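Architecture at a glance
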Amino acid sequence: MPKILDGTAIAATIKQEVADEVKTLAAQGIRPGLAAVLVGRVPASEIYVRSKVQTCADLGIYSDRITPPETVTTEDMLDLVNALNSRDDIDGILIQLPLPVQVDTKALLDAILPEKDVDGFHPINAGRLQAGRPALAPCTPAGVIEILKRSDIPISGQNAVVVGRSDIVGKPAAMLLLHQNATVTICHSKTRDLPAVTREADILVAAIGHPGFITPQMVRPGATIIDVGINRITTREDFDRFFAGNARREATFLKRGSTLVGDVHPKAFELSGAYTPVPGGVGPLTIAMLMANTVRAAKMRRGL
Ligand code: GUN
């Protein structure tokens, strides 16, 4: 039986550590602060931002939720970012993505002060990360490393295969694994004979954004599988494709009309030595690492 890597429990431990640090800083008169910018009314983004703001409150971090309208311009957003850059009560700036099409996302992310870039999306932080310098690292990939380390899964010398090359997950995950001395392969849509490559993985990271993309024949028995995907499925056909015969999932699906599946087919998990479930795997780490980054930014900005 594979071991299930409980992201919710690991995230709870990290959040407790962050809360303890917040208390230590409070004794020195410092309160870390996060600005969470939510543009328009994207339901998934609203849920994520609510959860980020609530977690700040739980841990004693100050937060300011800012909600420009769907019609906001790039210029207005740049003014907002500049104002947040100047505010002394704000240590971290998070702009929830995606943004409406009329907003120049890259220009905005580039405008955030690198020392307040708690998402780790600024090119300066991407460059620092790849150069092995101290940097604010993107939260989801940082969470992947925390799951592996805190579950005592060896990384050094292991073959790590990352499927997906996004700037937000795939590329930084590969870099962090490399810094832990894994032998890293990055795969993408043009990779030749993908199953042959993924079958070499001791650690397989799936960050494609396609439900159930990793099938059993792509997995080496005993491998550790980290599933970064979060895909909502709503049709009976999809349900049966992934969860036929799973009574617990079926109850959720019938009650809510949808359920979540990662980028890994559930049958592929059965071959693994250990895996992160969806939900309850990597997802909870993203917010925990955002909180950790906010406290880190607060300390770095004060030279602590
Ligand atoms: N949208 C989806 N994931 C993320 C994330 O990690 N950070 C931000 N800012 N937006 C997102």
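Located above this text is the structure these notes cover.
Summarised in this report is the structure supplied together with it. From a predicted model like this one, the values you see are computed outputs, not experimental measurements. Once a new chain begins, its residue numbering starts again from 1 and follows that chain's sequence as written. Local features in a predicted model are, by the rule used here, given only for residues with pLDDT of at least 70; side-chain atom pairs are given and counted only at 80 or more, and totals for whole chains, interfaces and linings are based on all residues. Where side-chain values are given, they derive from all heavy atoms of the structure, hydrogens and water being excluded.

Let us look at the site of the ligand. We call a residue near a given molecule or strand whenever any one of its heavy atoms falls within 4 Å of it. All residues in the neighbourhood of the ligand are listed as Leu 94, Ile 95, Gln 96, Leu 97, Asp 119 and Phe 121. Contact distances for the ligand include 3.3 Å between a nitrogen atom and a side-chain N or O atom of Gln 96. Here a nitrogen atom of the ligand and a side-chain polar atom of Asp 119 are 2.6 Å apart. In the complex, 78% of the free accessible area of the ligand, which totals 280 Å², lies under the protein chains. When residue character is reported, Ala, Val, Leu, Ile, Met, Phe, Trp, Tyr, Cys and Pro are called nonpolar, Asp, Glu, Lys and Arg charged, and the others, Gly included, polar. Its residues assigned to classes, the shell around the ligand comprises four nonpolar, one polar and one charged. Within 3.5 Å is the distance limit for a polar contact, defined as a pair of N or O atoms, with the added protein rule that one can donate a hydrogen and the other accept it, and that residues adjacent in sequence qualify only through two side-chain atoms. All accessible-area figures derive from a Shrake-Rupley calculation using a 1.4 Å probe, and residue coverage is judged against the displayed protein chains alone.

Helix numbers and strand numbers start at the N terminus; a helix is a DSSP run of H or I with at least 4 residues, a strand a run of E with at least 2. As for its position among the elements, Asp 263 is in the loop between strand 10 (259-261) and helix 11 (266-269). Although Asp 263 lies buried, it forms no salt bridge, and the closest oppositely charged side chain, Arg 241, sits 11 Å away as judged by the N-O distance. A polar contact of 3.1 Å, which involves the side chain of Asp 263, links it to the backbone nitrogen of His 210. A distance of 3.0 Å separates polar atoms of two side chains, one belonging to Asp 263 and the other to Asn 231. When near neighbours in sequence (up to four residues on either side) are disregarded, Asp 263 contacts Ala 206, Ala 207, Ile 208, Gly 209, His 210, Pro 211, Gly 212, Phe 213, Ile 214, Asp 227, Gly 229 and Asn 231. Burial classes follow relative accessibility: with a 1.4 Å probe on protein chains only, a residue under 20% of its type's maximum area counts as buried, one over 50% as exposed, and anything between as partly exposed. Under this rule, positive means Lys or Arg and negative means Asp or Glu; His and the chain ends count for nothing. A carboxyl oxygen of Asp or Glu within 4 Å of a side-chain nitrogen of Lys or Arg is what we treat as a salt bridge. The contact criterion used is simple: two residues touch if any of their non-hydrogen atoms lie within 4.5 Å.

Ordered by their spatial adjacency, six strands build an open sheet running 1-11-8-7-5-6, and the pairing between neighbours is parallel. Sheet topology places strand 1 (3-4) and strand 6 (183-187) at the edges, where each strand pairs with a single neighbour. Should DSSP find at least two bridges between two strands, the strands are taken to pair. Here two bridges tie strand 1 to strand 11 (residues 274-275), and the two strands are oriented parallel to one another. Looking across to strand 11, one finds that Lys 3 is bridged to Ala 274. Note on definitions: angles span 0 to 180 degrees between N-to-C directions of axes, and those axes are lines fitted to C-alpha atoms, for helices only across the stretch in contact. Each of strand 7 (203-206) and strand 8 (224-227) is contacted by helix 6 (residues 139-150), which is oriented at about 150° to strand 8, the strand it contacts most.

Geometric descriptors of this kind do not, in isolation, establish any biological role.
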